[in-house]
Each structure stands twice: as structure tokens, then as C-alpha cells.
Amino acid sequence: QVHLVESGGGSVQAGGSLRLSCAASYMSNCMGWFRQAPGKEREGVAAIVGPGHSTYYADSVKGRFTISQANDKNTMYMQMNSLKPEDTDMYYCAAEGWKWYESLRSYTYNNWGRGTQVTVST
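The structure presented is a predicted model; accordingly, all values stated were derived computationally and were not measured. (Residues numbered from 1 in each chain as written. Predicted model: local features only at pLDDT ≥ 70, side-chain atom pairs only at ≥ 80, totals over all residues. Heavy atoms only, no water.)

(A) Summary view of the overall build of the chain. Scanning the chain from terminus to terminus reveals 0 helices and 11 strands. The helix and strand sequence of the chain, counted from the amino end, reads β-β-β-β-β-β-β-β-β-β-β. Expected size for 122 residues packed as a compact globule is a radius of gyration near 14 Å; at 13 Å, the chain falls within 12% of this value. With respect to the principal axes defined by its C-alpha atoms, the chain has extents near 40 × 30 × 25 Å. Within the chain, the fraction of its 122 residues that count as buried is 44%. Just so you have it, the chain exposes about 6,300 Å², and 46% of that area is on carbon and sulfur atoms. (Helix = DSSP H or I, 4+ residues; strand = E, 2+ residues; numbered from the N terminus. Rg over C-alpha atoms; globule rule 2.2 N^0.38 Å. Buried < 20%, exposed > 50% of the residue type's maximum accessible area, 1.4 Å probe, protein only. Areas by Shrake-Rupley, 256 points an atom, 1.4 Å probe, with all protein chains shown as cover.)

(B) Spotlight on the pairing of strand β3 (residues 18–24). For β3, the buried fraction is high: 5 of the 7 residues fall into the buried class. Bridge analysis of strand β1 (residues 4–7) against β3 gives 4 bridges, and the strand direction is antiparallel. What sits directly across from S7, in β3, is S21. (Pairing = 2+ DSSP bridges.)

(C) Representation of the state of the cysteines. All chains considered together, the criterion is met by 1 disulfide. Note on C30: no disulfide assigned, nearest cysteine sulfur contributed by C93 at a separation of 11 Å. What makes C30 buried here is its relative accessible area of 1%. (Disulfide = S-S within 2.5 Å.)

(D) Quick look at the packing of aromatic side chains. Under the definition given, this model contains 4 aromatic pairs. Above the face of the Y77 ring, R19 is positioned so that its terminal group lies 3.9 Å from the ring centre. Its end group placed over the ring of Y92, R42 keeps NZ or CZ at 3.9 Å from the ring centre. (Phe/Tyr/Trp six-rings, centres within 6.5 Å; stacked < 30°, edge-to-face > 60°. Lys NZ or Arg CZ within 6 Å of the ring centre and 35° of its normal.)

Okay, structure coming up:
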């Protein structure tokens, strides 16, 4: 069973950048980043899927966030630029997705990290 550990969260001002990392015990063919605010459901942010590493993004982050992976380091990344206060959330790494067509749906994933906090202030 894959073990996932997120890092790279922190506090930044609006317009700033952060780079999140997800260290995995091994890589899978469907992995993603999700975020969840208190009292709300977990939201798909970005996913990287299949042998060709196809990428998918929530409309709210397109053009600002970039997902990538480095298989030689068993690590998935998400570069976050032009951060907005509404990006404030706990961000989670997900792996072992089984329905690649719905890679931004949380139910498709079997494994989760414990999360890293991102706070964006004005």
C-alpha cells in the first residue's frame, strides 16, 4: 500500500507562489492534488494520469497551478502561482486512482496523505 507525505505548504501573500511536494513510497498511474476547507467536501485541484502523464485541472486554478511528477524521486509536485485568498485550504495528495476518466473525483482514489496547509493573505 502506497504511503504519501505532503510538504511545501505555508503562508504567503496574495499573488505569491508555493510549490507543494508529495513523496510517495512508489508512483501510481493516477495521482492528484485535492483541497478541503472546514465543513466542505474535498475538491479536486489537479491530476496526472496514465503512461503519458496527462494532466487535468479544476477551472478555478487553470493557468495558475501546474502538476508534475518525478518518477526517479517518487515525488509529485504542484507549482502554485498567483495565489488568491480563496486558495486557502488544506491540500492533500492522492494516489492509486482507479477511474482515470474522473481523476478529479475523490472517490476514485484509494490512498491519501495527511495534508499540508496553504494560507493566502491579503
